[in-house]
Amino acid sequence: MDWSFIQNNWRYVIEILIMTIGIYQIYRAFKATRGARILVGLVVILVVLTGLLQLFKFQVITWIVTRAMLVLLVMLPVIFQPEIRMALARVGSSRWLDWLLRNDSRQIDLLESVNEAIVMLSKKRIGALFAFERNISLKPQQDTGVTLNAEFTPELAMSVFYPKSPLHDGGIILADEKVIAAACVFPVSQRELADRSTGLRHRAAMGITEETDAVCVVVSEETGAISICRDGMMERDLEEEVFRERMAEIFLSNNDTDEKGVSEKLGTEDGRADTGDGDLDAD
């Protein structure tokens, strides 16, 4: 009896699971965005209209609403264009391909230099914004800045973000172990944030990671706090050791033994971040 019931109804169970997953993914994509209020408003109007039409049997209004729904379906991609673009970008981001193509030895060398530079910037309270290109190209953002195509060094990062530098506004884009461009303009996140004090650098980091699979690191000019942004989500006010560990987790292999060795190797760079602290202090 039970087996017969399962045979006759298993498709319904799969359909319910698919719909549940789909609704949850839509909720995740629209959560805390401006589109969320529009979506809620459309759903409320649709539910109310459907209830009234079913209750009073208004034939003319039913005909008008049915045709209006067809027009709305055409308009939805335009209304929710930022959210749809962000969702497609996430789908197109193949993490497994990034893992296969990654060269750990080169990543470690770059990460050592990046971590050293970010710690130095943090200690001097020099605002900075780094974007690490992954599978989705940052060419549109690169075109807004100044092309460098230079090897990354802590000295280069300090020079770029020094407050009186012509390139200190905007962000740095890193790809293929090089600084591709500086002074790049990133799209600012339109998400409604509970913390109204979130600055433009942090919003720009959230914006670029919402639209692409890039990883951003932000150094606050006011407090020197280090933040990492990924997939539109930000980890703020990271301690130096925690920051190094998170960077290793994101960019290096998942092997526990390798990560331990990497963490120890990166940890040896801590002392170098203290050298020359007084050289680039702002006036």
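See the structure above.
Analysis parameters
Residues numbered from 1 in each chain as written. Predicted model: local features only at pLDDT ≥ 70, side-chain atom pairs only at ≥ 80, totals over all residues. Heavy atoms only, no water. Helix = DSSP H or I, 4+ residues; strand = E, 2+ residues; numbered from the N terminus. Buried < 20%, exposed > 50% of the residue type's maximum accessible area, 1.4 Å probe, protein only. Contact = heavy atoms within 4.5 Å. Areas by Shrake-Rupley, 256 points an atom, 1.4 Å probe, with all protein chains shown as cover. Phe/Tyr/Trp six-rings, centres within 6.5 Å; stacked < 30°, edge-to-face > 60°. Pairing = 2+ DSSP bridges. Axes fitted to C-alpha atoms, helices over the stretch in contact; angles between N-to-C directions. Core = buried A, V, L, I, M, F, W, Y, C linked by side-chain atoms within 4.5 Å.

J.: Just give me the short version of the overall build of the chain, but keep the residues and values in it.
T.: Within the chain, the secondary structure is distributed over 11 helices and seven strands. Looking at the chain as a whole, 38% of its 283 residues qualify as buried. Counted over contacts in the chain with a minimum sequence separation of 6, partners at least 24 positions apart contribute 65%. As displayed, the chain offers around 16,900 Å² of accessible surface, 62% of which is attributable to carbon and sulfur atoms.

J.: Any chance you could break down the packing of aromatic side chains for me, citing the residues and the numbers?
T.: Summed over all chains, the structure comprises four aromatic pairs. Measuring from ring centre to ring centre gives 6.3 Å for F130 and F152, while their planes differ by 65°; the resulting arrangement is edge-to-face. You can see F130 sitting in strand β1 (residues 128–132) and its partner F152 sitting in the loop between β2 (146–151) and α8 (154–161), a full 22 residues away along the chain. Given the relative accessible area of 8%, F152 is considered buried. Three or more aromatic residues joined by ring pairs make a cluster, and in this case those are F130, F152 and F161.

J.: Can you lay out the sheet that holds strand β6 (residues 226–230) for me, pointing to particular residues and giving the numbers?
T.: Strand order in the open sheet made by the seven strands is β2-β4-β3-β1-β5-β6-β7, with mixed pairing throughout. Every interior strand has two partners, whereas the edge strands, β2 and β7 (233–238), have only one. The average undirected angle you get between the axes of adjacent strands in this sheet is 20°. Sheet topology places β6 next to β7; four bridges connect them, and they run antiparallel. Of the residues in β7, the one forming a bridge with R230 is M233. Strands in contact with α8 are β1, β2, β3 (171–175) and β4 (178–184); relative to β1, the strand with the most contacts, it is inclined by about 125°. The sheet strands contacting helix α9 (residues 200–211) are β1, β5 (215–219), β6 and β7, and the helix crosses β5 at an angle near 175°.

J.: Quick one: what's the story with the nonpolar core, residue by residue and with numbers?
T.: Residues F130, F152, L174, V217 and M247 are the most contacted members of the largest nonpolar core, which totals 33 residues. Of all the secondary structure elements, the ones that give two or more residues to this core are α6 (104–124), β1, α8, β3, β4, β5, β6 and α10 (240–251). Element by element, the count of residues in this core is highest for α6, at eight residues. Not counting residues within four places of it along the chain, the set of residues in contact with F152 comprises L110, S113, V114, A117, F130, A157, L174, E177 and V179. Core analysis: the second largest hydrophobic core is formed by 17 residues, A131, C184, I208 and V218 among them.

Distances and angles like these do not, on their own, reveal function.
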